[in-house]
Each structure stands twice: as C-alpha cells, then as structure tokens.
Amino acid sequence: MAHLLGGLATPLLCKPINASSFNNNYTSASASSLHALDSLYIKRAAELADKSAGFTAPHPNFGCVIAHPNNGGGTVVGEGYLYAEGTIPAEVQAVEAAGERCRGATAYLNMEPGDCHSNSSAVSALIKAGISRVVIGIRNPLQHLRGNAIHALRSEGLQVDVLGEDTQNKIIEEAVKSCLFVNAPLLYRAACQVPFSVLKYAMTLDGKISTSSGHASWISSKKSRTRVFEMRGRSDAVIVGGNTVRKDNPRLTVRHGGSHLPRRIVLSQTLDLPEDAHIWNVSEVPTIVATQRGARRSFQRLLASKGVEVVEFDILDPRDVMGYLYDRGYLSILWECGGTLAASAISSGVIHKVHAFVAPKIIGGKNAPSPVGELGMVEMTQALELIDVCYEQIGPDILVSGFLQPVPDLTPTIPSVEETSAIDPTISPYESSIIFFYKTWDPYGGFSNFSLHPFQMPNENGELVTWSSVEHYYQAQKFVGASDPVAKSCMEEIQCAKSPEEAARIGRRIQRQQPNLVRPDWESVKIDAMYKALKCKFTTYPYLNSLLLSTAGSVLVEGSPHDLFWGGGRDGEGLNYLGRLLMKLRSEFLGDSSTSQNSLFHQTSENK
C-alpha cells in the first residue's frame, strides 16, 4: 500500500456529474464485474470527499455514494460529502437524498466513518435506512477509530467489504489510490506525527527563481498563479522565510476561489524583518512568526501590537516547527519559501511532496538563485528522486509533481492499550490521571466546543434558538445586546455558519475589526456563556453525559497549545478554563456540590 498514490499526484478536480449520465455508464455492468463497479463508485465517493478539501480545516474528507442494484449494474440514488467538522455526515446526507430507495442498496464510502463513543450518526443512518452492503475504500487511519464502524455495521448484519483486502487488480488499486490521495494529509499526520508538507516553487527553464538582482515577478503564467491560489486554499497554513518577506512583500492570500484562508507563517531566526509588510495585516488572515528564543524582543512587541502571534523556539529547526504545528492540529502545510529554507526543510525530512512550475523562459546568471539551496550532495547517486511523478501543462508552463516520501502504509494494526495490557499485565490503561482532549476526532473529542452536537437555548426574548455547536453559541454571545443593529446581523451570520470553525473565524474577525460591536460586559460573562452552552449540550446528549462521568477522578485538560485561556498550553502554562468548566460540570452531574467551586473561575481580560 506504501506506493499506491501513483498517478494521482495532481489534485482531484471535482467537476459536476450529471446523475443520469453517470448512472447510464454503469447500468450495463454484468454480475461478473462487481469489483469494477465497486471501484468506480468508490472513486466517485473520493471525488465527492475532495470537494471539501480546504474549505474548513483541519478535518478528514468523507464522501458517500448509495447505489441500488439494477440488472447487475447499479443506479446512484443518493450522494453526500462532509463539509467540515461539526456538519452533517456524508452518510446522513446520502441517506436523506436516497430516501426509501436505500432499502437493499449498497453504500460506498471512501474511508471508514469516524464514529466513536456512541456518536454513531453515520453508522446509524446506514443501518436504519436498510442498507444491505457497505463498501469502504480504506480503513480509518486513527487508531482509536480504526475498525469501530466496520465492527458496528457487521454486528447489525450488514455485509461490509474493504476494497482491496480480499482481491487485488489494477482497477481496485486505482480506486484505493483515490481514497489515499484525498486523505493523504491525515495519513501522513497519523503515521509521521507531522503535518503533510508540500514544497511549491516556480522556476525558469534554466532552474532560476529570480534574476541576479532578485527580481522574480512573474516567472510563471497567470494560469499557474491561479493554481497556486487553489493550492493555498487546500492548506491549513502557508510558510515563507524572512528573505521572502523582505524581497517580495507577499500577501499569501487566496485571491481566486471560495476556499478558506490559510494561516501565514514566517520563519526567521533573527527577526531581521521590515516593520511594514502586507503579511502583518491580520484583519482577514492570522499571521504567526516563528523565531529563535530571545530574538529582537522590541520587534516581537511591535508584531504583537499588530496582532501577529510570535512563537519562540530554542533552535529554529523546521522539524521542531512542524512538531508544533502538528500539536496545533494542522494537517496540510504549503511551503512557498526560498532556496535556503527549502533546503533546510528537505534536509530535516519534513517535505513530503513537491510542486514545481517550470516556465519556458531563460534568464541565466551564475548568481541567480535556484529553488533549493545546498543539500551537501557531491555525487548524482545522492540525488533525491521523486516518486509517482506526473506532468501537467498549465498555460505555457509545465507543472511537475511528485512525492519525496511514499504515502505511509497504515495497513498494520497497532495493538490498543487493552490488547497491550493483556499481553503485558504490568501495563495498565488506567494509570494516567490526566485526560487530554482537543480535536473532535480525538477519543474524547465530544468534549470539544467544536463537536457536532446541536442544542437549543433561549435568546434574550425567551425564544428557543437552535445552535449547531457550543462554538456557534459562544461566538454569537459576544454581540448580544449591543446597540448597533450591525451586531444583530453578525449574530445571524455566526448562527448560519456551516461549521464551528467558520463560526469561530467570523466571531474573531468581527471582534478584531469592529471591537465596538462587542458587548461591553463580555469579559465578565464569557465564562458563564461557555458554561451554559456546555451544560445544555451535555444534558441534551445522554451518551456525552456518561462519557463525562466516566472520567471521574481524572483531570480534564483542553490540549490546545496556543489558546492559553481555554486550553492548557504547550507546556502546561495555559489556564485550561474549558477543562475546568467540564470538571465543574462533572461534579454538578455527580451531585457533589462541595466541589462546584464557584470561586474557582476568576474573571480575566484575556480574549479568545
């Protein structure tokens, strides 16, 4: 499975498919071509899943196709894809679209659903709809979720087949490739504990990224630059070095397309950077500067005054930076740096894929820089060879893409804690007294304020209002009661946000850009607002209540390394107010009023 990404080194471009023409292509399939039919529908599920890539990150990409047998072929009766964390699962959407036609049909999923801890809406939808067979492209790569949904479906009598585990041929292999590609960032993250990193650069035919004077606008064509905007839109963050900021003054935004805006990250050891730069404007897109500990404290204060986040490292090494971004939950990083930083990143082993735009231009110059600096190689036998290379013409340019590292082989199943304990009784799964939670795909992801658990709360007029998540409610509360009528429209925009991540981005952006709209008592009421929403959520969902009570005796820590108010911080320096609220709520549910500790929550001027 390690080299199965093959010919899918370029992004899957999702084009609208006419349902009738899609069905007609396959209704003539015979019974003997079941595997071919499975492969075709799995590839379609992967195409659907790819539609959400980059819109809200980080999250796995899920697609579902429901097809009904028809003379040995099949008819598509329902489709869906997961837009983001905290939105309707792909399987639920497909079932709703198919309706009664689900009875006896087959569901095709590009990846095993991530159901855990009784949050089984995807699996339940398939079972209740009367689906008789489920075909899965790849198993879930996350250990605490791997196999759970498959077991749940089989226990209810559904036939479940994992593509390629029983039969191998070229058609099946190509279908599995599509599933691997659409979730390649998640696979790399699960196997390597670093985000999936792509190095992008544009160079002339003679291998230069600028003239000897440093001028580089523009090497590639407008069509190639538009493709770069698309790449940014599929990434969680874009990385550049200090030299790029000094010479090019980039914005690093997504100027074409409707994808989300990735964070911008600058790596600079010395902070020898201009005081004025496009990238310091954080009104629309946040910027993080990673630097060496102690570098230019005065400049760090200047950046902080502009709203730029500064993160210090003992040694500014690309691998340490990627470890930090892994902790922040990032899946995919796009490197748009110069040759020196590119060489350092490649040498550190954190670059997984390369996109090289080659323009049919020659500029010469022995001092003109190349896209990758010194790697210390003295013989051609040391050269790094790309895997699964593909070529695409974009206008006058050629895009060469390939992998420096193969897609991780996650086929071997890692023993669970319980299995390890059975092998070695001296290992106890109950030793830890601290339970960390952070992303919604974590084992205790249901504790997150970003999890998909809609609930109803009365508004200021006493009317019940449905909120898609705790984060939706929390962000909207910032603008309750404000006199400006614009504040009401802000609340409505947050309430209608498609995902908790989008709700958070909207609320934070408005708070930065129009602080006058924020209610004047927000700092004194925000903890209570979060607690009310959490209590309603854990009261609405009994299985979440049980999960919370099961942690009795353990300290709950929100594992965000960068949110020092609600989270625990990278080194435990955070206030962990979200963890504290959950422990207070747990005590209240257990009826231990002596530990409610109303005085525990001192108000603070910190902003989320």
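What this report covers is the structure whose coordinates are included nearby. Worth saying up front: this structure is predicted, and the values here are computed from it rather than measured.

1. Some words on the environment of His 59
On the secondary structure map, His 59 appears in the loop between helix H2 (34-50) and strand S1 (63-70). Separated by 126 residues in sequence, His 59 and Pro 185 have C-alpha atoms that sit 9.6 Å apart. When residues no more than four places from it in sequence are discounted, the contact partners of His 59 are Ser 52, Leu 82, Tyr 83, Ala 84, Glu 85, Leu 331 and Trp 441.

2. Some words on the pattern of salt bridges
Considering all chains together, one arrives at 21 salt bridges under this definition. In this structure, the salt-bridge partner of Arg 509 is Glu 493, at a minimum N-O distance of 3.7 Å. Separated by 16 residues along the polypeptide, Arg 509 in helix H16 (residues 500-513) and Glu 493 in helix H15 (residues 485-495) bring together distant segments of the chain. For Arg 509, a relative accessible area of 22% corresponds to the partly exposed category. By relative accessible area, which is 38% here, Glu 493 ends up partly exposed. Two residues, Asp 528 and Lys 532, come together in a salt bridge whose shortest N-O distance is 3.4 Å. With Asp 528 and Lys 532 both in helix H17 (residues 522-540), this residue pair falls four residues apart, about one helical turn. One network of salt bridges, with partners in common, ties together Arg 293, Arg 297, Glu 312 and Asp 314.

3. Focus: the pairing of strand S5 (residues 159-162)
Because side chains alternate across S5, one face comprises the buried residues Val 160 and Val 162, and the other comprises Gln 159 and Asp 161, none of which is buried. The sheet contact formed by strand S4 (residues 133-138) and S5 spans four bridges and is parallel. When the sheet's bridge partners are listed, Val 134 is paired in S5 with Val 160. After leaving S4, the chain enters helix H5 (residues 148-155) and then returns to the sheet as S5, a path that is right-handed.

4. Here's the deal with the nonpolar core
Counting 83 residues, the largest nonpolar core has Ile 66, Leu 126, Ile 131, Val 134, Val 266, Ile 279 and Trp 280 as the members making the most contacts within it. The two domains that each donate at least three residues to this core are domain 1 (31-185) and domain 2 (193-375 + 383-403). In this structure Val 134 touches Ala 107, Leu 109, Leu 126, Leu 153, Leu 158, Gln 159, Val 160 and Asp 161, once residues within four positions along its chain are discounted.

5. Concerning the packing of helix H4 (residues 121-129) against H5
One way to put it is that H4 packs onto H5 with a least axis distance of 10 Å and a crossing angle of 20 degrees. On the basis of the axis angle, H4 is roughly parallel to H5. Crossing angle aside, the handedness with which H4 passes H5 is right-handed. The segment H4 lies against H5, with Val 123, Leu 126 and Ile 127 engaging Ala 149, Ala 152 and Leu 153. Residue composition of the contact of H4 with H5, grouped by class: six nonpolar, no polar and no charged.

6. Let's talk about a nonpolar patch on the surface
Together, Leu 386, Val 389, Tyr 391 and Ile 398 make up a nonpolar patch on the protein surface, roughly 350 Å² of accessible area in all. With a relative accessible area of 35%, Val 389 lands in the partly exposed category.

7. Digging into the packing of aromatic side chains
Taken as a whole and judged by the stated rule, the model has 14 aromatic pairs. With a centroid separation of 4.9 Å and an interplanar angle of 25 degrees, the aromatic rings of Tyr 188 and Phe 196 are classed as stacked. Residues Tyr 188 and Phe 196 agree in their burial class; the two are buried. Joined through ring pairs, the aromatic side chains of Tyr 474, Trp 522, Phe 565, Trp 566 and Tyr 577 make up one cluster. The positively charged end of Arg 189 is found above the aromatic ring belonging to Tyr 326, 4.1 Å away from the centroid. We note Arg 580 situated over the ring of Tyr 577; from NZ or CZ to the ring centre the distance is 4.5 Å.

What counts and how
- Residues numbered from 1 in each chain as written.
- Predicted model: local features only at pLDDT ≥ 70, side-chain atom pairs only at ≥ 80, totals over all residues.
- Heavy atoms only, no water.
- Helix = DSSP H or I, 4+ residues; strand = E, 2+ residues; numbered from the N terminus.
- Contact = heavy atoms within 4.5 Å.
- Salt bridge = Lys/Arg side-chain N within 4 Å of Asp/Glu carboxyl O.
- Buried < 20%, exposed > 50% of the residue type's maximum accessible area, 1.4 Å probe, protein only.
- Pairing = 2+ DSSP bridges.
- Right-handed = clockwise from strand over helix to strand, strands pointing away.
- Core = buried A, V, L, I, M, F, W, Y, C linked by side-chain atoms within 4.5 Å.
- Domains from an automatic or database assignment.
- Axes fitted to C-alpha atoms, helices over the stretch in contact; angles between N-to-C directions.
- Parallel < 35°, antiparallel > 145°, perpendicular 65-115°, else oblique.
- Left-handed = near helix turned anticlockwise from the far one by under 90°.
- Nonpolar A, V, L, I, M, F, W, Y, C, P; charged D, E, K, R; others polar.
- Patch = residues over 30% accessible without salt bridge, like charges linked within 9 Å, V, L, I, M, F, W, Y side chains within 5 Å.
- Areas by Shrake-Rupley, 256 points an atom, 1.4 Å probe, with all protein chains shown as cover.
- Phe/Tyr/Trp six-rings, centres within 6.5 Å; stacked < 30°, edge-to-face > 60°.
- Lys NZ or Arg CZ within 6 Å of the ring centre and 35° of its normal.

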